[in-house]
Amino acid sequence: MADHLLTVTRTQGNNRALKEGEVVPTGFPLAFKEEPVLVDGFRRMVRELAYDVCEMALTTYLTAREHGVRFTALPVFLVRGFHHGAILVRKGAGIAQPGDLAGKRIGVNRGYTVTTGVWARAILALEHGLDLDSVTWVLSGDEHVESYRPPRNVVPAGPGKKLADMLLAGELDAVVNVKVDSPEVVPLIADPEEAGFTALRERGLYPINHLVVVKDEVLDAHPGVAKALFDAFAEAKRRYVEQLRAGVVETADDRRYSRVMAQTGNPLPYGIEPNRAVLELLAEQALAQHILTKPVDVDSMFAPATRDLVG
């Protein structure tokens, strides 16, 4: 029996059985640490390797790996969603369609490498033809990966500046992944939830936001840990999907996953193969958006022992 693995993951339907101890990785019990703000956990993992196992934003993982951080992912995709609604504009500001943002200033919550921002920019580029390099991207924070340097068209908002206020004041033409409490602010893409489900139905676009990473030191010391963790996360997810099938729908996430399940049969596929196309798309976009400097082979992203697993 290995020592308990210090683990950070936010409690949600697909990992609840794991967090509550109903499912335990064979031979590798977990000790959970609660991070009130999950992105603080991402930062600590990237900068300090503070945990043995950690939920992690997908693009943060790819950036960290390119910059030499010693952890490796499991193809366990804890958080997925649609990002057509992440792009907000002011009514009457002359931004009626994504093409109107060419040459404009768009605020991005926290860092340029934040995964929601990557997916939102991908939607603007691939579905609407926006030249992302023509836009000035304005950040409210810094990057988790300290050594990452964004392209020249990415700038900080400045001390004390809030993106929501800047949008309302006309200093920004749009914002991505920012909460703005004003009736003057609306999604750029009309009926964004339906746009997301249309993209899923017509193009198979089902964005991944979070996966699970394990310290390389742990993987090296315990050859069986990657499979044991994958199997446990997959079993916890299976129990959650059974609940969804039984009609237990309590949260917005539950409702979205139930609707995805009705459309695809599997609301949260784990494993490389069922997700290869969307992983390849994200890696391509990370390269096109100047987050990565070289292409990434999807299989190389994941622990070897998990590359053939599906859950």
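Residues numbered from 1 in each chain as written. Predicted model: local features only at pLDDT ≥ 70, side-chain atom pairs only at ≥ 80, totals over all residues. Heavy atoms only, no water.

### Observations concerning the overall build of the chain
- Helix and strand counts for the chain come out as 10 helices and 11 strands.
- What you see for the chain is a C-alpha radius of gyration of 19 Å, in line with the 19 Å of a compact globule of 311 residues.
- Counting across all 311 residues of the chain, residues that qualify as buried make up 53%.
- The averaged location of the 41 negative side-chain charges in the chain is 2 Å from the averaged location of its 35 positive side-chain charges. (Helix = DSSP H or I, 4+ residues; strand = E, 2+ residues; numbered from the N terminus. Rg over C-alpha atoms; globule rule 2.2 N^0.38 Å. Buried < 20%, exposed > 50% of the residue type's maximum accessible area, 1.4 Å probe, protein only. Lys, Arg positive; Asp, Glu negative; His and termini not counted. Charge placed at Lys NZ, Arg CZ, Asp CG, Glu CD.)

### Brief notes about the pairing of strand β6 (residues 105–108)
- As paired strands, β6 and strand β7 (residues 136–139) are joined by 4 bridges and run parallel to one another. In the sheet register, Ile 106 faces β7, and the bridge partner there is Trp 137.
- Crossover β6 to β7 through helix α4 (residues 115–126) is right-handed.
- For β6 and strand β9 (residues 174–176), the ladder comprises 3 bridges, and the chain directions are parallel. Counted as the bridge partner of Val 108 is Val 176 from β9. (Pairing = 2+ DSSP bridges. Right-handed = clockwise from strand over helix to strand, strands pointing away.)

### Comments concerning unusual backbone geometry
- With a phi close to 50°, Leu 49 is a non-glycine residue in the positive phi region.
- The phi torsion at His 290 lies on the positive side, around 65°, for a residue other than glycine.
- As for its placement among the helices and strands, His 290 is situated in the segment after α10 (276–288).

### A short note on the environment of Val 114
- Looking at the secondary structure, you find Val 114 in the loop between β6 and α4.
- C-alpha of Val 114 to C-alpha of Met 261: the two residues are 147 residues apart in sequence and 27 Å apart in space.
- Apart from residues lying up to four places away in sequence, Val 114 is in contact with Asn 109 and Asn 177. (Contact = heavy atoms within 4.5 Å.)

### Looking at the sheet that holds strand β10 (residues 185–187)
- Overall, mixed pairing links the 6 strands, which are arranged β8-β7-β6-β9-β5-β10 in an open sheet. At either end of the open sheet lies a strand with only one pairing partner, and these are β8 (154–156) and β10. Looking at each pair of strands side by side, their axes are set apart by 30° on average, direction ignored. (Axes fitted to C-alpha atoms, helices over the stretch in contact; angles between N-to-C directions.)

### Concerning the side chain of Asn 209
- Positionally, Asn 209 belongs in strand β11 (residues 208–215).
- Of the residues examined, Asn 209 reaches a relative accessible area of 7% and is grouped as buried.
- Polar side-chain contacts of Asn 209 include one of 3.1 Å to the side chain of Thr 116.
- Ignoring any residue separated from it by four or fewer positions in sequence, one finds Asn 209 in contact with Met 56, Ala 57, Leu 58, Val 79, Arg 80, His 83, Thr 115, Thr 116 and Trp 119. (Polar contact = N/O pair within 3.5 Å; in protein donor to acceptor, adjacent residues only side chain to side chain.)

### Describing helix α6 (residues 192–203)
- The end-to-end C-alpha distance of α6 is 16 Å, a good match for the 16 Å that 12 residues give at a rise of 1.5 Å each.
- Among the residues of α6, those classed as buried are Ala 195, Gly 196, Phe 197, Ala 199 and Leu 200.
- Two residues or fewer past α6, Gly 204 is found with a positive phi of approximately 70°. (Expected span 1.5 Å × (residues − 1).)

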